[in-house]
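# Overview (structure and organization)
Listed below, chain by chain, are the residues.
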Amino acid sequence: MKKLLTIVLALGFSASLSAQQYFPPRGTWQTKAPQEVGMNAAALQQAVDFANSNEYSGSRDLRIAILEGFRSEPYHEILGPTKKRGGPAGVVIKNGYVAAQWGDVDRVDMTFSVTKSYLSTMAGLALDDGLIANVHDKVEQYVWDGTFGGAHNATIEWHHLLNQSSAWSGTLFGIKDWADRPPRQGGTDDWRFTKPVVPGTVMEYNDVRVNVLAYSLLQVWRKPLPQVLKERVMDPIGASTTWRWFGYKDAWVTVDGMQMKSVTGGGHSGGGVFISAMDHARFGYLFLNEGNWNGNQLISKNWVDAVQVSSEAQASYGYMWWLNRGGRKWKGVDDESIYYAAGFGGNFIVVDKANDLVIVTRWLEPNKIGEMVRLVREAID
C-alpha cells in the first residue's frame, strides 16, 4: 500500500510539474527579464549585439544571393517563389519565455534548408501513424511508379533519404541529381557519368534527393504536405497563419485524381518554407519539449530522439537536423546534445535541451552561429 501511495504521489508531482510548464497561446508569447529566467542581461545583450553586427553578407535580394551562391551548378535556375529578405532577426526562448528578441520577428522570410527539418517531421508523423512501417523499409515498396526503379535506386531506404546518404540517381521535375552541388573538380561529363555510391555510405547535401523524399511522402500521405504540417503541427502549436510552403512551378503531381504540388525541402532554386522567427521558435520549442505541446503529444518522443542520432555516414547529421558533434562541432560549445536546423543565408533554429533553451536567428553570417550560441549559453547564470 505504501509503495502504491508513493507511485501515486510521484505521478501527481510529475503532472503538477507538467502543468506548470508554460506554452504560449496563439498570437502572443510572454516575455520575462533575463534575470527572471536565470540569465545575465548584459551578457545576453552582447549576444544580441553580435547577431545584429554579423549580418549575412549576401544580397538582401535573394534572387541575386541564390544565383550567386549556386553559380557553380550547371543548368541552375530559379524555379520556385523567392522573396527579398529583411535584416537580422531572432529570439531567445529560456525556460519557455522570451528572454531576448531583435529585428522584425514577425516578418515572413525564406528559410531555405531549415525547411528540411519540417520535411523530416512529415516522415516522423507518417511513422507515428503507421503509414510507413519502418525507416529501413525500401522506399520502392511505397513508391512504385518508377522513381525508385533500377538496381541502385531500389536499394534506397527511408533512412537513407532522411540522412541524405541515399545517392538517388535520376531526374526530378527537370533537375538532374548530379547537377545539384557538383564536386569542385571536373565538369559536366565527369559528373553525369559518375557511378553513384552505395546508399548509406556517403552523406551528400543534395536538394534533388531531398525533393525525392518530399515527393515520396506526398505519395504516402496522399494529400499536400503543407496541409499535413498545418493540421498536425502548426495549428496545434499556435503558429500564425502567415507561413507558407512552396514547390517549383512545374512540380504538380496527380494523386487520387487530384493535382497536388510536391513541395521542396529547401530554397536554392526557390520555394521551401517561408516563415517568421516566432513561428520557427514555436517549432523549436515543440522539439525542446520532445514533441509534446501543453500535454498533447503531437510528435512521438521516439521520433524526436531519432532525429538526433548521428547517421552512419556523417556524425554531425541526423534526420535532417544538424548535430553539434563530429567534424562540425562548434568551437567553444562542448555540449554534444545540441541539435539545430540550418539554412542558406544564416537561418537557424537551435535546440539546447540541457539549458531549456531555443535560439532562432535569421540572416546571421553562417560561420558565426557557433560563436552566437556560445555567447547565449555564457549568459546563463
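Residues numbered from 1 in each chain as written. Predicted model: local features only at pLDDT ≥ 70, side-chain atom pairs only at ≥ 80, totals over all residues. Heavy atoms only, no water.

### Some remarks on empty space enclosed by the protein
Scanning the entire structure with this criterion turns up one cavity of 30 Å³ or more. Of the voids in this model, the largest cavity is the one considered here, and its volume is about 40 Å³. In terms of lining residues, the largest cavity is bounded by Gly 87, Ala 89, Asp 104, Arg 107, Asp 109, Ala 277, Arg 362 and Trp 363. (1 Å grid on protein atoms, 1.4 Å probe; cavity = no way out; pocket = protein on both sides within 12 Å on 5 of 7 lines; lining within 4 Å. Points joined across faces, edges and corners; volume = space filled by probe spheres on them.)

### Focus on the pairing of strand S7 (residues 258–263)
Alignment of strand S6 (residues 244–255) against S7, held across five bridges, turns out to be antiparallel. Along S7, the bridge assignment pairs Thr 254 with Gln 259. Taking the residues that link successive antiparallel strands as the turn, the S6-S7 hairpin has two residues, and the phi of Asp 256 there is positive, at about 50°. (Pairing = 2+ DSSP bridges. Helix = DSSP H or I, 4+ residues; strand = E, 2+ residues; numbered from the N terminus.)

### Regarding unusual backbone geometry
Note: most residues except glycine have negative phi, and most peptide bonds are trans. Of note, Phe 173 is a non-glycine position whose phi angle comes to about 50°, a positive value. Mapping Phe 173 onto the fold places it in the loop between strand S4 (171–172) and strand S5 (175–176). Judged by its relative accessible area of 25%, Phe 173 is partly exposed. A positive phi is found at Asn 294, a non-glycine position, where the angle reads about 55°. Inspection of the secondary structure assignment puts Asn 294 in the loop between strand S9 (292–293) and strand S10 (296–297). A relative accessible area of 52% means that Asn 294 is categorised as exposed. (Buried < 20%, exposed > 50% of the residue type's maximum accessible area, 1.4 Å probe, protein only.)

### A short note on the sheet that holds strand S2 (residues 97–102)
What the six strands build is an open sheet, ordered S2-S1-S14-S13-S12-S11; its pairing is antiparallel. Either end of the sheet is taken by a strand with one partner, and the two such strands are S2 and strand S11 (322–323). Direction of pairing for strand S1 (residues 89–94) relative to strand S14 (residues 357–362): antiparallel, over a ladder of six bridges. Within S14, the residue paired with Lys 94 across the bridge is Leu 357. Set on the sheet, helix H9 (residues 277–288) makes contact with S1, S2, strand S12 (339–343), strand S13 (347–352) and S14; between it and S14 the angle comes to about 150°. On the sheet, helix H11 (residues 369–378) packs against S1, S2, S13 and S14 and is oriented at approximately 140° with respect to S14. (Contact = heavy atoms within 4.5 Å. Axes fitted to C-alpha atoms, helices over the stretch in contact; angles between N-to-C directions.)

### Considering the sheet that holds S6
If you walk across this open sheet you meet the four strands as S3-S8-S6-S7, and the pairing is antiparallel. Edge positions in the open sheet fall to strand S3 (109–110) and S7, since each of these has one partner strand only. Taken together, the three bridges between S6 and strand S8 (residues 272–275) define a ladder with antiparallel strand orientation. When the sheet's bridge partners are listed, Phe 246 is paired in S8 with Gly 272. Sheet strands in contact with helix H7 (residues 207–221) are S6 and S7, and its direction is about 145° off that of S7.

### What about the packing of aromatic side chains?
Counted by the stated rule, this structure contains 23 aromatic pairs. Relative to Tyr 339, the ring of Trp 321 has its centre 5.2 Å away and its plane inclined at 70°; by these criteria the two rings are edge-to-face. With a gap of 18 residues between them, Trp 321 in the loop between helix H10 (301–306) and S11 and Tyr 339 in strand S12 connect regions that are remote in the sequence. Neither residue differs from the other here; Trp 321 and Tyr 339 are each classed as buried. Grouping aromatic residues by their ring pairs yields a cluster made of Tyr 118, Phe 283, Phe 287, Trp 321 and Tyr 339. The residue whose ring lies beneath Lys 32 is Tyr 97, and the NZ or CZ to ring-centre distance is 4.1 Å. The side chain of Arg 328 reaches across the aromatic face of Trp 322, ending 3.8 Å from its centre. (Phe/Tyr/Trp six-rings, centres within 6.5 Å; stacked < 30°, edge-to-face > 60°. Lys NZ or Arg CZ within 6 Å of the ring centre and 35° of its normal.)

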